[in-house]
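# Observations on chain architecture
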Amino acid sequence: MTTAPVKSNVPDRAGLKAWLSSDAPTSRGHARAVQFYMGWMKLYENKLAFLGFLIILSLVLMAIFAPLLATTEPNAQDLAKRLTAPGVDGHLLGTDELGRDIWSRLVYGSRITLLIVGIVAFTAPVFGLLIGTVAGYLGGWVDQALMRLVDIFLAFPKLILALAFVAALGAGIESAIIAISLTAWPPYARIARAETLTIRNADYISAVRLQGAGVMHIIVGHVWPLCLSSIIVRVTLDMAGIILTAAGLGFLGLGAQPPEPEWGAMISAGRKFILDHWWVAAMPGMAIFIVSLGFNLLGDGLRDILDPKKSQS
Amino acid sequence: MSIADSTATVARRGFTSPLYKILKGLIAGLFSIAITMVGLLFVTFIIARVMPVDPVLAVVGERASQEIYEAAYKAMGLDQPLYVQFMLFLKQVAMGDFGMSTLTARPVVEDIARVFPATLELATLATIAGVGIGVPMGVLAAVNEGRWPDQLIRLVGLFGYSMPIFWFGLMGLLIFYGILGWVSGPGRIDIYFEDIVPVVSGMILIDSLIAGEIDIFWNAVSHIILPASILGYYSIAYISRMTRSFMLEQFSQEYITTARVKGVSETAVIWRHALPNVMIPLITVIALSYANLLEGSVLTEIIFSWPGLGNYITNALLSADMNAVLGGTVVVGAIFVGLNLFSDFMYKVVDPRAR
């Protein structure tokens, strides 16, 4: 502690560690940093969760550096080399029915996967949060009406509802994203409502109200922050489900359209050759499996870190 | 004693009003179901109307003259305002009429009655596997919390949650049908066995036994075993995970400690003390998983060309057969609501505190 003043940003290694694990933070920023560091250490100690984190990190890096990692253009056809087995002629994972390199297509496909997951994982929880907190905070007939709406959407089979939305909106990535978001929000509304019910009568809410804060100000500024941690845990656990639903829509030909290298659509194309050329369908499936496993492992770990009460389940 | 007094009061109060309470609960329940069902119908109805497909063209064909087109347009009630159309639709549904399917040219109700047993057969087998294997697995994991059986079972579950089911099905077909030849391929039954067995329940496994056709029964088994195992795997993953967490919750309760201190054997503590208490929340989980299998086996049915409800609805959607889509969705929604209601009811039967 002699090396640098506590507030300095660049203490030496040992000093930084001490600063980060201090039990008497000196500022709000310091407290945040300590909290983040503690969470990070817990994640690092949980080997499976850390593995999940590494998988997701590689997915993100793969999407960013796709042009560097891909060996060919994702849509470059080479009919002379169609259905080449994995490892032959420098095609790491083989080629598909049009001679396109499957590895390169998977690499570029990670962008589509991340795009869908990213947007859904943002819109669905925000919408659910809004509905749930408004219902929970206002109560009465608003609560009744909104929760009925939630029930109606929950009573639908998810995939069929998504199918119907996509059929109504026309096939494509945008429709798939909208459809999945529309089917994914109700559970968040339920969670947010339950949290709000326990918060709404707290003294600090009354204090803010007495100061003249409006309803939306209270909900957004003072109720949302307290609902966030349970929502984040749920989102991480749902990511795998979002990927699987998106892949399912792609498989049915309702997601990204050809020649886009969407993983589910690639499996669907490979389905015709499954008995003789297994790799065309097997490789994209492996990709989906690894990525959703990564999200599941990370989600489990995050739940232990952010929500120790429910860590048993 | 005051406890005796209060129980007596509760009993007396309970004596005067149980009928009223049950009636009130029943009416509230029915009301909420009715609202949910109408909402479900409304959402499907709107989706059907928003679809960029002309339902009239689907009926009369592209070459129909203007007069025929307009006549059909009027006959289908499309010239009415939307809310009138919706009311009309509600009235028909209430009488159990979903109209004709444009794809199969038969009443939707008949179609659903034909395809539903196939889905039921698959989902029931998968649920039996899920309960029969998933519950003991969950108990085993909870008993060995943190040790290798727990980790192994957790891994099995995580794999199930992470695998795209249509890919799992394809790989299953590749390995067990394509390479090893242990099972039969897609479909419910070999083509030369089709339509031999008289339809009683619609479920081939049962109908073939009733008819005494053992060959057909085994053929059907060889067809259903792979899709049922794959769906069953997902069911096992879900049910074992939930069982584990419920069991752990019970193990931390004081009555378990008391039982152990009194010298009750560990086997009895697990199976006679903890498990019965776990059964209550587990019923909801099983009902939910069953409902999901009944409605959510869409992709599995497509991979295995299984002529069930999911396949039917998907085909109808892709060919803009709106009556069939509406009918199928209503049936699925009704199943979901019904199973929820059933699990609530079972709750009250099993748990005296919930009455």
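Residues numbered from 1 in each chain as written. Chains lettered and ligands numbered in written order. Predicted model: local features only at pLDDT ≥ 70, side-chain atom pairs only at ≥ 80, totals over all residues. Heavy atoms only, no water.

In the annotation of an unreviewed UniProt entry, chain B is listed under the name Peptide/nickel transport system permease protein and assigned to Pseudovibrio ascidiaceicola. Under Sequence similarities (unreviewed entry), UniProt gives the following word-for-word description of chain B: "Belongs to the binding-protein-dependent transport system permease family." Listed under Subcellular location (unreviewed entry) in UniProt, the entry text for chain B is "Cell membrane". (UniProt positions renumbered as here; feature names shortened; annotations may be inferred.)

By the naming in an unreviewed UniProt entry, chain A goes by Peptide/nickel transport system permease protein and is assigned to Pseudovibrio ascidiaceicola. Under Subcellular location (unreviewed entry), UniProt gives the following word-for-word description of chain A: "Cell membrane". Recorded in UniProt for chain A, the comment headed Sequence similarities (unreviewed entry) runs: "Belongs to the binding-protein-dependent transport system permease family."

The next thing to look at is the overall build of chain A. Within chain A one finds 13 helices and zero strands. When the helices and strands of chain A are listed from N to C terminus, the series reads α-α-α-α-α-α-α-α-α-α-α-α-α. The dimensions of chain A, computed from C-alpha atoms along their principal axes, are 75 × 60 × 30 Å. Across chain A, every contact between residues at least 6 apart in sequence was considered, and the portion connecting residues at least 24 apart equals 67%. When the accessible surface of chain A is summed, it comes to about 14700 Å², and 65% of that surface belongs to carbon and sulfur atoms. The averaged location of the 21 negative side-chain charges in chain A is 7 Å from the averaged location of its 24 positive side-chain charges. (Helix = DSSP H or I, 4+ residues; strand = E, 2+ residues; numbered from the N terminus. Contact = heavy atoms within 4.5 Å. Areas by Shrake-Rupley, 256 points an atom, 1.4 Å probe, with all protein chains shown as cover. Lys, Arg positive; Asp, Glu negative; His and termini not counted. Charge placed at Lys NZ, Arg CZ, Asp CG, Glu CD.)

Let's shift gears to the interface of chain A and chain B. In this assembly, 41 residues from chain A lie in contact with 42 residues from chain B. Here chain A and chain B share an interface that buries about 3900 Å² over both sides, 79% of which is from carbon and sulfur atoms. Taken together, chain A and chain B are joined by two salt bridges. Counting residues per element, the ones that place at least two in the side of chain A that touches chain B are α6 (140–155), α7 (158–169), α11 (215–251) and α13 (279–306) of chain A. Split by residue class, the side of chain A that touches chain B holds 30 nonpolar, six polar and five charged. (Buried area = accessible area lost by both parts, 1.4 Å probe. Salt bridge = Lys/Arg side-chain N within 4 Å of Asp/Glu carboxyl O. Nonpolar A, V, L, I, M, F, W, Y, C, P; charged D, E, K, R; others polar.)

The positions that UniProt labels "transmembrane region" (unreviewed entry) are, in the present scheme, residues 26–48, 122–143, 155–180, 216–239, 282–304 and 324–347 of chain B. Across residues 324–347 of chain B one finds 100% helix and 0% strand; the C-alpha atoms that close the span lie 34 Å apart.

In this section: the nonpolar core. The nonpolar side chains of soluble globular proteins are, as a tendency, buried together. Counting 162 residues, the largest nonpolar core has A:Leu106, A:Ile116, A:Leu249, A:Trp263, A:Ile267 and A:Phe295 as the members making the most contacts within it. Per-element accounting of this core gives the leading share, 16 residues, to α11(A). Once residues lying within four places of it in the same chain are set aside, the contact partners of A:Leu106 are A:Met62, A:Leu93, A:Trp263, A:Met266, A:Met283, A:Pro284 and A:Ala287. One finds B:Ala142, B:Met247, B:Leu275 and B:Leu282 within the second-largest nonpolar core, a separate group that totals 18 residues. (Core = buried A, V, L, I, M, F, W, Y, C linked by side-chain atoms within 4.5 Å. Buried < 20%, exposed > 50% of the residue type's maximum accessible area, 1.4 Å probe, protein only.)

Here we take up the UniProt feature "domain: ABC transmembrane type-1" (unreviewed entry) in chain A. Here the UniProt feature "domain: ABC transmembrane type-1" (unreviewed entry) sits at residues 110–299 of chain A. For residues 110–299 of chain A, helix accounts for 83% and strand for 0%, while the C-alpha atoms at its two ends are 19 Å apart.

This part is about the environment of B:Ile191. Topologically, B:Ile191 is positioned in the loop between α8 (165–179) and α9 (204–211). Between the alpha carbons of B:Ile191 and B:Leu170 there is a distance of 21 Å; along the sequence they are 21 residues apart.

What follows deals with the packing of aromatic side chains. All names here are of chain B. Summed over the entire model, instances satisfying the criterion amount to 18 aromatic pairs over all chains. Their ring planes at 40° and their centres at 6.5 Å tell us that Phe-86 and Phe-89 sit as a pair that is tilted. Taken together, the residues span about one helical turn, with Phe-86 and Phe-89 both in helix α5 (residues 82–94) at a distance of three residues. Accessibility expressed as a relative area gives 8% for Phe-86, which makes it buried. (Phe/Tyr/Trp six-rings, centres within 6.5 Å; stacked < 30°, edge-to-face > 60°.)

As a further point, take the side chain of B:Ser222. All names here are of chain B. Along the polypeptide, Ser-222 turns up in helix α10 (residues 214–251). Residue Ser-222 is classed as buried on the basis of its relative accessible area of 18%. Excluding residues within four positions of it along the chain, Ser-222 makes contact with Val-183 and Ser-184.

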